[in-house]
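# Topology and contacts: notes
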Amino acid sequence: MNNLNLLKGAFLILISLAFGIVSLRYPLGRLDRAGPGMFPLMVSSLLFLIGATIVVRSLLAERAPMHFKPRNIVIILASLAGFALISEYLNMLLGIAFLVFCASLAGTSYSVVRNLKLAAGLIVIALAFQKLLGLQLPLY
Amino acid sequence: MDILHNLAFGFEHALTLQNLMFCAIGCVVGTLIGLLPGLGPLATISLLLPLTYSIPVTGALIMLAGIYYGAQYGDSVSAITMRIPHASSIVACIDGYQMTLKGKTGLALFTAGISSFIGGTVAIIVLASLAPALGEVALLFGPAEYCALMMLGFVCVSFVTTGSLLNGLAMCLVGVLLGQIGTDVNSGAQRFTLGLPFLADGVGLVSIALGCFGIAEITKNLDAREERTPFNKKIHLMPTWPEFKRIIPSALRGSVIGSFLGILPGGGPSIAQFAAYAVDKKVSKYRAEIGSGAIEGVAGQAAADEAAARTSFIPLMSIGIPENAVMALMMAAFIIKGIQPGPNMIAGHADLFWGLVASMWVGNCFLVILNVPLVRYWLSVFKIPYSVLFPSILFFCCIGTYSVNNSLDDIFITATFGLMGYIFLRLELDPAPLMLGFILGPMLEENFRRALLLSRGSFATFITRPISATFFSIIAIFILWQLVTFFLQARKSNPPRGQPV
């Protein structure tokens, strides 16, 4: 199953179906007076065709494996989500600290001292944004 | 003489203290992000978009344009010194890095700087003389022509940026579909909002750009786990006179090629570099040396690179159709500032248009000053370890996303597109055409519906009108050519097989 081109086609088909099926729920209208569903339906049909072509072609061509390492992307997404949640319920300064400490798990080396320095630096930048550039940041 | 008069008018606007400052900021930021991994021009322009809300129109656009061509230049510095291009300077790696290996880094950097300057200057002359003329042609365009031109743009971009028509076109279409999210302008129907109120206005441009280009790119770099070795060699900048004489012809050739290729749909810096390099390899007096660290191998492509980066503004400003992803983002910036790029822009906002053109030349001077005498200091940014860099980039992405609407929900959207962009990267789908599709999508739908409305539902309108028929036949030729090459390859690489695969 680990076939790059097959997965590529399948992913595109998935997107086209998601948009195509939903667009059927909107009025299609006629060609001379297109409704809101017409254009997305046409585009997703075209995308479906391309996805299907890629799938068919992948069965003929040589296989190439897909390299997918979930670790780093999960860490990065978790640090973003954590930043947003902490900023929402506590404050953004803690969010920044969390972002630095969580994200750097994905780096090649981990150092608490360096993270503390970095977090402090970014907090200073955030304060400067708020005070000097007038961004509305819920810092504290 | 008209051009001179207009350019003088433009310089009046570009040389105000405020605009000079914005131009300098744009060039510095652009060079910096061109040097550093993790943020390309697409991500940076979208990151700074919210900051430009409070800046006057001309200044904001001058700064964003500066970021674009500054990044183009910074990228080539990193390609020459360390053979790491982040965006498009793949060609600079060949001869530029060979020159570094020979200990002639300074000469390579000087060549690139001077050639870029020459390329930029030629491109500005082309821009100033061609854009108004093309604007008059664009007045003949109706909705069918706009549709055809956008489709041609999709096909060309797909082919140029990804090398595979199917992959690129698929990404354009995904972008168009993402652009459909939100409220339909004609009927007011809410489309694909999943019932979420914050999607009623559509997905934010900044979220998509930062997700697909910022976060996905960072993760890709982290996956590679390579630590870069900083550049520590000596740099001797000034060339000798015979060396200097070799730069000029090659740079002029590159400028002309770059200016021309920058205008075509789907064109832009990357294809211009390859073309200029190929031409130099054929016609240069020193063609035998190219590939092993020749001055010509650096000069031609650097000139073409900068020239194309500037002339790619022509279709945007005169016709109103961006021809690649970065220009699509620039168009979004124009629209945010309340200016509709297109045939009426040059007449309606003459100060802005000529000011922007003139500022490109000012930016050129800044880049030469920044990059030739000061290049040593720039190279010290490579000493920042990636473990410090990437959390900072994430931080800027968060702040940038948040400050568009002062909404923390947007960070979740950015994270979602980060995941999507990462999947695209791992599936070897280049997300750049997605950006173009996303920005052009609503315009394409609008013009498509209008064209069919005018023709009472008949598709014949796309092929009976001469201009749109020409565009569609070019598209057809492209697709046919792709099909033929595919079948020829399949026949060559697939000898009859006995056993099932």
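Residues numbered from 1 in each chain as written. Chains lettered and ligands numbered in written order. Predicted model: local features only at pLDDT ≥ 70, side-chain atom pairs only at ≥ 80, totals over all residues.

### So, the overall build of chain B
Counting its secondary structure elements, chain B contains 22 helices and 2 strands. On C-alpha atoms alone, chain B measures out to a radius of gyration of 23 Å, which is about the 23 Å that the 2.2 N^0.38 rule sets for 501 residues. By its C-alpha atoms, chain B is 75 × 70 × 50 Å across when sized along the principal axes. A total of 501 residues make up chain B; the buried ones form 59% of that total. (Helix = DSSP H or I, 4+ residues; strand = E, 2+ residues; numbered from the N terminus. Rg over C-alpha atoms; globule rule 2.2 N^0.38 Å. Buried ≥ 20, exposed ≤ 12 C-beta atoms within 10 Å, placed from the backbone.)

### Brief notes about the overall build of chain A
Within chain A, the secondary structure is distributed over 5 helices and 2 strands. Listing each helix as α and each strand as β along chain A from the N terminus yields α-β-β-α-α-α-α. For a compact globule of 140 residues, the expected C-alpha radius of gyration is about 14 Å, and chain A comes in at 23 Å, more than 25% above that figure. Oriented by its inertia axes, the alpha-carbon framework of chain A measures out at about 60 × 45 × 25 Å. Taken across its 140 residues, chain A has 35% of its residues classed as buried.

### What about the domain arrangement of chain A?
Entries for chain A in the domain assignment read domain 1 (4-60) and domain 2 (70-133). One C-alpha centre belongs to domain 1 of chain A, the other to domain 2 of chain A; they are set 39 Å apart. (Domains from an automatic or database assignment.)

### Examining helix H3 (residues 70-89) of chain A
One full turn of an α-helix is made of 3.6 residues, so residues set three or four places apart face in the same direction. Look at H3(A): 28 Å from first C-alpha to last across 20 residues, which is about the 28 Å you get at 1.5 Å a residue. Looking at the buried positions of H3(A), the neighbouring elements they touch are helix H4 (92-103) of chain A together with helix H9 (205-224), helix H18 (386-405) and helix H19 (409-426) of chain B. (Expected span 1.5 Å × (residues − 1). Contact = placed C-beta atoms within 7 Å.)

### Considerations on the interface of chain B and chain A
Residue-level contacts link 53 residues of chain B with 58 residues of chain A. By residue number, the principal contributor to the side of chain B that touches chain A is H18(B), which donates 11 residues. Classifying every residue of the side of chain B that touches chain A gives 33 nonpolar, 10 polar and 10 charged. (Nonpolar A, V, L, I, M, F, W, Y, C, P; charged D, E, K, R; others polar.)

### A short note on the environment of Leu107(B)
All names here are of chain B. You can see Leu-107 is positioned in helix H6 (residues 105-138). In this structure the C-alpha to C-alpha distance between Leu-107 and Glu-243, which are 136 residues apart in sequence, comes to 8.7 Å. Excluding anything up to four places from it in sequence, Leu-107 contacts Met-99, Pro-239 and Glu-243.

### Looking at the environment of Phe198(B)
All names here are of chain B. Within the secondary structure, Phe-198 sits in the loop between strand E2 (190-191) and H9. In the structure, Phe-198 is positioned 198 residues away from Phe-396 in sequence and 22 Å away in space, judged by C-alpha atoms. Excluding its chain neighbours within four sequence positions, the residues that come into contact with Phe-198 are Ser-407 and Asp-409.

### Here's the deal with helix H12 (residues 295-311) of chain B
Taking 1.5 Å as the rise per residue, H12(B) with 17 residues should run 24 Å; its terminal C-alpha atoms sit 24 Å apart, in good agreement. Judged by how many residues are buried, H12(B) sits mostly within the fold: 17 of 17 residues are covered.

### Concerning the packing of helix H10 (residues 241-263) of chain B against helix H11 (residues 269-283) of chain B
Residues and elements named next belong to chain B. Between H10 and H11, the least distance of the axes is 9 Å, while the angle of their chain directions is 140 degrees. If you check the angle between H10 and H11, you find them oblique. For the element pair H10 and H11, the recorded crossing hand is right-handed. In contact with Ser-250, Arg-253, Gly-254, Ile-257, Gly-258, Leu-261 and Gly-262 of H10, H11 contributes Ile-271, Ala-272, Ala-275, Ala-276, Val-279 and Asp-280. (Axes fitted to C-alpha atoms, helices over the stretch in contact; angles between N-to-C directions. Parallel < 35°, antiparallel > 145°, perpendicular 65-115°, else oblique. Left-handed = near helix turned anticlockwise from the far one by under 90°.)

### Here we look at unusual backbone geometry
All names here are of chain B. Look at Phe-192: it is not a glycine, yet its phi comes out positive at around 50 degrees. In this fold, Phe-192 is placed in the loop between E2 and H9. The phi torsion at Glu-428 lies on the positive side, around 60 degrees, for a residue other than glycine. In this structure, Glu-428 sits in the loop between H19 and helix H20 (432-454). Looking at Glu-428, the number of C-beta atoms within 10 Å reads 15, which means it is partly exposed.

### Details of the packing of helix H2 (residues 17-35) of chain B against helix H16 (residues 350-371) of chain B
Residues and elements named next belong to chain B. For the pair H2 and H16, the least separation of the axes is 9 Å and the interaxial angle reads 55 degrees. Relative to H16, the element H2 lies oblique. Read as a crossing pair, H2 and H16 show a hand that is right-handed. When H2 is examined against H16, the residues Asn-19, Leu-20, Cys-23, Ala-24, Gly-26, Cys-27, Val-28 and Thr-31 are found in contact with a partner set consisting of Gly-355, Ser-359, Val-362, Gly-363, Phe-366, Leu-367, Leu-370 and Asn-371. Among the residues making up the contact of H2 with H16, the classes are represented as 9 nonpolar, 7 polar and no charged.

### Digging into the nonpolar core
Counting residues in hydrophobic clusters, the biggest one holds 202 residues, and the most contacted among them are Leu64(B), Ala209(B), Leu329(B) and Met435(B). A per-element tally of this core places H6(B) first, with 15 residues. Residue contributions to this core reach at least three from each of two domains, namely domain 1 (4-60) and domain 2 (70-133) of chain A. Once residues within four sequence positions are removed from consideration, Met435(B) is found in contact with Leu42(B), Gly175(B), Ala209(B), Ala325(B), Ala328(B) and Leu329(B). (Core = buried A, V, L, I, M, F, W, Y, C linked by C-beta atoms within 7 Å.)

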